[in-house]
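# Observations on the three-dimensional arrangement
Single-letter residue listing:
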Amino acid sequence: MANHDIDITVRKGTVHALVGENGAGKSTLMKILYGMQKPDEGTITIDGEQVSFATPADAIARGIGMVHQHFMLADNLTVAENVVLGAEKLHGIGAGARARIKEISDAYGLGVRPDLLVEEIGVADRQRVEILKVLYRGARTLILDEPTAVLVPQEVDALFGNLRELTAEGLTVIFISHKLGEVLSVADDITVIRRGTTVASVEPAGVTPKQLAELMVGSELPTPETRESTVTDRPVLTVSGLRLSGTDSDGVRRDVLADVGFTIHAGEVLGIAGVEGNGQAELVEAIMGIRTADEGTVTLDGADITRHPTRRRREDGIGYIPEDRHRHGLLLEAPLWENRMLGHVTQRPNSKGPWLTARDARADTERIVREYDVRTPGIDVTARSLSGGNQQKLIFGREMSHAPKVLIAAHPTRGVDVGAQSQIWDQIRAARREGLAVLLISADLDELIGLSDSLRVMYRGRLVADADPATITPEELGTAMTGAATGHLAGDAATENPS
Amino acid sequence: MSAASAVTARIKNIDREKIVLGVAAPLLAIVTAVVITSLVMLATGQNPFQAFSVMIDFGTKSDSQVWIINKAIPYYLSAVAVAIGFRMNLFNIGVDGQYRVAAFFAAAVGGALALPGIVQIPVIILTAMLVGALWAGIAGYLKATRGVSEVITTIMLNFIGGSLIGYFLKEGRLAEREGNLIHTKDIPDSSYFFEIPTSVQPIYGTIVIAVAVGIGYWFLLSRTRFGYDLRAVGASESAAEASGVSVKRTVITTMLLSGAVAGLVGMPTLLNISGNYGNDFPTGIGFTGIAIALLGRNSAIGMAFAALLWGFLERTGNQLEFEGYAQEIVGVMQGVIVLSVVVAYELVRRWGIKRQQRFVGEQLAAQAQARKDAEVTA
């Protein structure tokens, strides 16, 4: 049973936050509210009228709209075309539609420019387009699934401004998030879900983030802080002068990575902050050997691996937690034990010479499931049927099972519940004590500041700033991420001496 | 304790579920096809039940059985060739061209040499595999280096292959004339493959090739590292690449393998029946292979059943004509089966995913409950 005895009441014209671990049943609840799944029991009532949704179309007809965590936009169409797509019947596709888009955009202060191509606009703007899409279809209740996951703090504030405008106009927002600070600042009411059921309804004025988190996990809450330093002076991964050029949407070649260099020592966690799309993904791919750098070298434990293929690098001891686990970390339709082999199929216990050793691999998968607390009924279920946190625990366990020298962790706790998050943090910390070098790329600034021994900020393919995690604040880091501050970020204010 | 045994029971359930899902789709497809063809027959004023009973009666006669098995040998080989590509999302439509070009050159080589059978038969077979691999390899190379869709190149190569054979299949080039037929020089009698005698006609010995290929296919895919890489690319190209599989190399290797197996498709005809490649050499088996690979879910065993079913339909189709039915009804049936298969697989797949997600959810909720109970008692 994914959900049982769920009771929530959302008041009109409010922001109602829904918090809970992944796998707690939030997504199932959302699917039910949005007509993607049918409940076995229970009722949904809108404005005093009992309703039932067979498809999302029914939900939309009742004025419920959903803004998904992953944007559903066609990059090569304009903003206006994206908004109209699939809703051509409402206001046509011409002047009527444009007027309506303009009207909605102005009414709620969304500031959407209808003629730009979606691929030209930033993440925050794309999100506003998604919101506009939903409003255009006549939604009076908006469901936002982890809308702040991809935004920097300043953009989050802007989004919250938009949400307040919406509720001021009498619309209702259901807001799903893991980030408790945000929930407390924007929500009028908060419902906590744990293990498939609603455990508490609270008002933000009456709780602290700590209490809220404890309601979510049902126990002590985790912190990402690493206390004592374990950094040694033995360099494990050295990247120097890395340059990578790519062709952008206009067909112009430009550097997506330029002059990137850093050294990670054994026992050190190097955090890279940055707004997504500033070259972090390319940096990871260059280190993993998925893309070949045009210039520069990558050195692992004293050996130059710049020309090595991905498989060789993995065998040499680079562990990899990819940013998008569905696309790069798992075979979703394959059973867990086959996923345990992914990326390490040439190594024991997965194979011996050219032959697979399924029996050993299965036994080892059982061990990973046990040691890393992957919640699953068995190792023969497909990876797809696990929740995000459990998928990530499996990936983490798999990578740690091959004694990596360095771990490339891209957004290791994104979309992962609080329980799994604290577990992954603990394990990264434990491995770091054992001398593991970690490259941590994250959008979660608390995570970056809490786990890292040193911090760099990436902006437009360059490492433009560095900071000491002991003194830096998320706000200062956020400023550097927008390119407004460079050089060494001192603890107090946005800094001088640009390099 | 009981919780643990319950869990193992449920895990066994997953295995059973796998089998149920595996069988459900083809069964659903065939039942749908039977219903639709019945409707077609009713609409044309014929009695479907009569037709089906004729098919079953005639199809199970012993000489029919032998005919069906012999027919199924090249079908099966062709299906395996297609399936190797399918398993990594490569659509090798060119099996047809590959086996014809391969059979042609193998026949030419076989006709030109006069070695003892024990040497010459392997030479002919290896030539066929090599030529088939080469012909498919062109498409693989273009896909890997230039990103050209293998669908386009393999279709084109089918035509080019046809023309190539047309060019060489002329008197004075690689062929000789015999009445209305033009064919390559006959291979020596010693180069014929053995036959397995039965009470009726013999079964072609090339069936051992088909069985060996089937076992090899299963073993390669499920028991070797290479097979894992291949399936990984098929399941998710991006994940495979991130895991260290060289997608380009796998594309080329897979196309070579698929082509080599395709090269074998013409062998039952060449080594057991005709002894030469003439303008009456069977064509179109490559396309039949696509349908059979689809029907058999790319599984070594499933495709064997599918190939036999196809043979059965063709055999009984001939008979239906004698009984006054339109022979085309079998063509309709085959077409409807393929369409139903595509639809049925997708339906069953989605249903399976839903079922499993629900099952995992239930199981985890039960575990959590058990843990809670344990805490309470502790």
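All figures in this text were calculated on a predicted structure; none of them were measured in a lab. (Residues numbered from 1 in each chain as written. Chains lettered and ligands numbered in written order. Predicted model: local features only at pLDDT ≥ 70, side-chain atom pairs only at ≥ 80, totals over all residues. Heavy atoms only, no water.)

## Structural notes on the overall build of chain B
Using the following cut-off: A run of H or I in DSSP becomes a helix once it reaches four residues, and a run of E becomes a strand once it reaches two; helices and strands are each numbered from the N terminus. Partly exposed residues are those whose accessible area sits between 20% and 50% of the maximum for their type, while under 20% is buried and over 50% is exposed, using a 1.4 Å probe and protein chains only. Contacts are assigned to residue pairs that have any heavy atoms within 4.5 Å of one another. Note that accessible areas follow from Shrake-Rupley with a 1.4 Å probe, and for residues the cover is restricted to the protein chains shown. Positive charges come from Lys and Arg, negative ones from Asp and Glu, while His and the chain ends are left out of the count. By convention, charge coordinates are those of NZ in Lys, CZ in Arg, CG in Asp, or CD in Glu.
Helix and strand counts for chain B stand at 14 helices and four strands. By the burial criterion, 48% of the 378 residues in chain B qualify as buried. Contacts spanning at least 24 positions in sequence make up 76% of the contacts within chain B whose residues lie at least 6 apart. Total accessible area computed for chain B in this model is approximately 17800 Å², and 66% of it derives from carbon and sulfur atoms. Charge-centre separation for chain B: the mean point of 28 positive side chains lies 11 Å from the mean point of 24 negative side chains.

## Some remarks on helix H1 (residues 26-33) of chain A
All names here are of chain A. With six of its eight residues buried, H1 lies for the most part within the structure. The set of residues buried in H1 consists of Lys26, Thr28, Leu29, Met30, Ile32 and Leu33. Downstream of H1 by one or two residues, Gly35 has phi in the positive range, about 80°.

## Observations concerning the confidence of the model for chain A
Selection criterion: Every residue gets a pLDDT, meaning the predictor's confidence in that residue, from 0 to 100.
Mean pLDDT over chain A stands at 81; residues scoring 70 or higher make up 93%. In this model, residues 493-499 of chain A is a region of pLDDT below 50 whose contacts with residues beyond four sequence positions or in other chains number eleven contacts.

## Notes on the pairing of strand S19 (residues 454-459) of chain A
Residues and elements named next belong to chain A. Test applied: Strands are treated as partners if at least two bridges between them are detected by DSSP.
Where strand S11 (residues 269-273) lies against S19, four bridges are found, and the strand directions are parallel. Within S19, the residue paired with Gly271 across the bridge is Leu455. With five bridges connecting them, S19 and strand S20 (residues 462-467) associate as antiparallel partners. Across the sheet, residue Leu455 finds its bridge partner in S20, namely Ala467. Two successive antiparallel strands, S19 and S20, enclose a turn made up of two residues, where Arg460 displays a positive phi of approximately 50°.

## Some words on the sheet that holds S11 of chain A
Residues and elements named next belong to chain A. The criterion, for reference: Note on geometry: axes are lines fitted to C-alpha atoms, helical ones only across the stretch in contact, with angles between N-to-C directions running from 0 to 180 degrees.
As summarised here, the arrangement of the seven strands in space is S14-S17-S18-S11-S19-S20-S21, forming an open sheet in which the pairing is mixed. Where the open sheet ends on each side, the last strands, each with one partner, are strand S14 (318-321) and strand S21 (487-489). Neighbour-to-neighbour, the strand axes of the sheet open up by a mean angle of 20°, direction not taken into account. The sheet contacts of helix H10 (residues 280-288) involve S11, S14, strand S17 (406-410), strand S18 (437-441) and S19, and relative to S14 the element is tilted by about 145°.

## A few points about the confidence of the model for chain B
In the predicted model, chain B carries a mean pLDDT of 86, and the fraction of residues at 70 or more is 94%. The complex model carries a pTM of 0.75, and its ipTM stands at 0.79.

## Quick word on a nonpolar patch on the surface
Residue and element names in this part refer to chain B. The condition that has to hold: For patches, a residue must show more than 30% relative accessible area and have no salt bridge; joins then use 9 Å for like charges and 5 Å for nonpolar side chains, namely Val, Leu, Ile, Met, Phe, Trp and Tyr. The salt bridge criterion pairs a side-chain nitrogen of Lys or Arg with a carboxyl oxygen of Asp or Glu, the two atoms within 4 Å.
Among the surface-exposed residues, Ile19, Val23, Leu27, Val31, Val35, Leu39 and Leu42 lie close enough to one another that they form a single nonpolar patch of about 660 Å² accessible area. Counting through the fold element by element, Leu27 comes out in helix H1 (residues 2-43). For Leu27, a relative accessible area of 52% gives the class exposed.

## Notes on the interface of chain A and chain B
Cut-off, in case you're wondering: Buried area adds together the accessible area that both of two parts lose upon being put together, with accessible area traced by a 1.4 Å probe. Under this grouping Gly is polar, as are all residues other than the nonpolar Ala, Val, Leu, Ile, Met, Phe, Trp, Tyr, Cys and Pro and the charged Asp, Glu, Lys and Arg.
Each partner contributes residues to the interface: chain A has 34 residues there, and chain B has 37 residues. Across the chain A to chain B interface the summed buried area is about 3100 Å²; carbon plus sulfur atoms make up 57%. On the chain A side of the interface with chain B, the three residues burying the most area are Arg311, Leu356 and Pro377 of chain A, jointly 19% of the side's total. Viewed at the interface, chain B and chain A are joined by three salt bridges. Looking at the side of chain A that touches chain B, the elements with two or more residues in it are helix H11 (310-316), helix H12 (325-329), helix H13 (336-341) and strand S16 (355-356) of chain A. In the side of chain A that touches chain B, the residues fall into 13 nonpolar, eleven polar and ten charged.

## So, the environment of Met216 of chain A
Turning to its location among the elements, Met216 of chain A is positioned in helix H9 (residues 209-217). Along the primary structure Met216 of chain A and Arg362 of chain A are separated by 146 residues, whereas in three dimensions their C-alpha atoms are 33 Å apart.

## Examining the pattern of salt bridges
In a structure, side chains of opposite charge can pair up when their charged atoms sit close to one another. Tallying each qualifying case throughout the model produces 32 salt bridges over all chains. Here Arg362 of chain A and Asp380 of chain A are joined by a salt bridge, their closest N and O atoms 3.0 Å apart. In this pair, Arg362 of chain A sits in helix H14 (residues 358-371) while Asp380 of chain A sits in the loop between H14 and helix H15 (388-400), placing the two residues 18 residues apart along the sequence. We classify Arg362 of chain A as partly exposed; its relative accessible area is 27%. For Arg432 of chain A, the salt bridge is made with Asp453 of chain A, and the minimal N-O distance between the two is 2.9 Å. Here Arg432 of chain A is found in helix H16 (residues 418-433), whereas its partner Asp453 of chain A is found in the loop between helix H17 (445-451) and S19, with 21 residues between them in sequence. Take Arg432 of chain A: its relative accessible area is 2%, and that puts it in the buried class. Among the charged side chains, a salt-bridge network with shared partners connects Glu333 and Arg384 of chain A together with Glu346, Arg349 and Arg350 of chain B.

## Notes on the side chain of Thr250 of chain B
Turning to its location among the elements, Thr250 of chain B is positioned in helix H10 (residues 247-264). Once residues lying within four places of it in the same chain are set aside, the contact partners of Thr250 of chain B are Met88, Leu230, Val233 and Val245 of chain B.

## Focus on the domain arrangement of chain A
Residue and element names in this part refer to chain A. Spelled out, the test is: The domain limits used here are those given by an automatic or database domain assignment. Polar contacts here mean pairs of N or O atoms no more than 3.5 Å apart (in protein, one a potential hydrogen donor and the other a potential acceptor; neighbouring residues in sequence count only if both atoms are side-chain atoms).
Segmentation of chain A into domains returns domain 1 (15-217) and domain 2 (235-489). For domain 1 and domain 2, the distance between their C-alpha centres works out to 30 Å. For the pair domain 1 and domain 2, the summed buried area comes to about 1200 Å², and 61% of that belongs to carbon and sulfur atoms. The tally of links from domain 1 across to domain 2 stands at zero residue pairs in polar contact (both at pLDDT 80 or more). At the level of secondary structure, the elements contributing two or more residues to the side of domain 1 that touches domain 2 comprise helix H7 (153-168) and H9. Counted by class, the side of domain 1 that touches domain 2 contains six nonpolar, four polar and two charged residues.

## Quick word on the UniProt feature "transmembrane region" (unreviewed entry) in chain B
Residue and element names in this part refer to chain B. Here is the rule: UniProt positions are given in the numbering used here, feature names are shortened, and annotations may be inferred rather than shown by experiment.
As annotated by UniProt and renumbered to match this structure, "transmembrane region" (unreviewed entry) occupies residues 20-44, 64-86, 98-115, 121-142, 151-169, 203-221 and 290-313. Taken end to end, residues 20-44 has its terminal C-alpha atoms 36 Å apart, with 96% of it in helix and 0% in strand. In residues 290-313, the share of helix is 83% and the share of strand is 0%. The end C-alpha atoms are 16 Å apart.

## Concerning the nonpolar core
Selection criterion: Buried residues of nine kinds, namely Ala, Val, Leu, Ile, Met, Phe, Trp, Tyr and Cys, make up a nonpolar core once their side-chain atoms join them within 4.5 Å.
One finds Val457, Leu477 and Leu489 of chain A together with Met267 and Leu271 of chain B to be the most contacted residues of the largest nonpolar core, which totals 151 residues. The greatest single-element share of this core, amounting to 13 residues, is contributed by helix H3 (residues 62-86) of chain B. If we ignore the near neighbours within four places in the chain, the residues touching Leu271 of chain B are Ile121, Ile124, Ile125, Ile187, Ser191, Tyr192 and Phe193 of chain B. Counting 51 residues, the second-largest nonpolar core is a separate cluster that includes Val83, Val112, Val173 and Ala187 of chain A.

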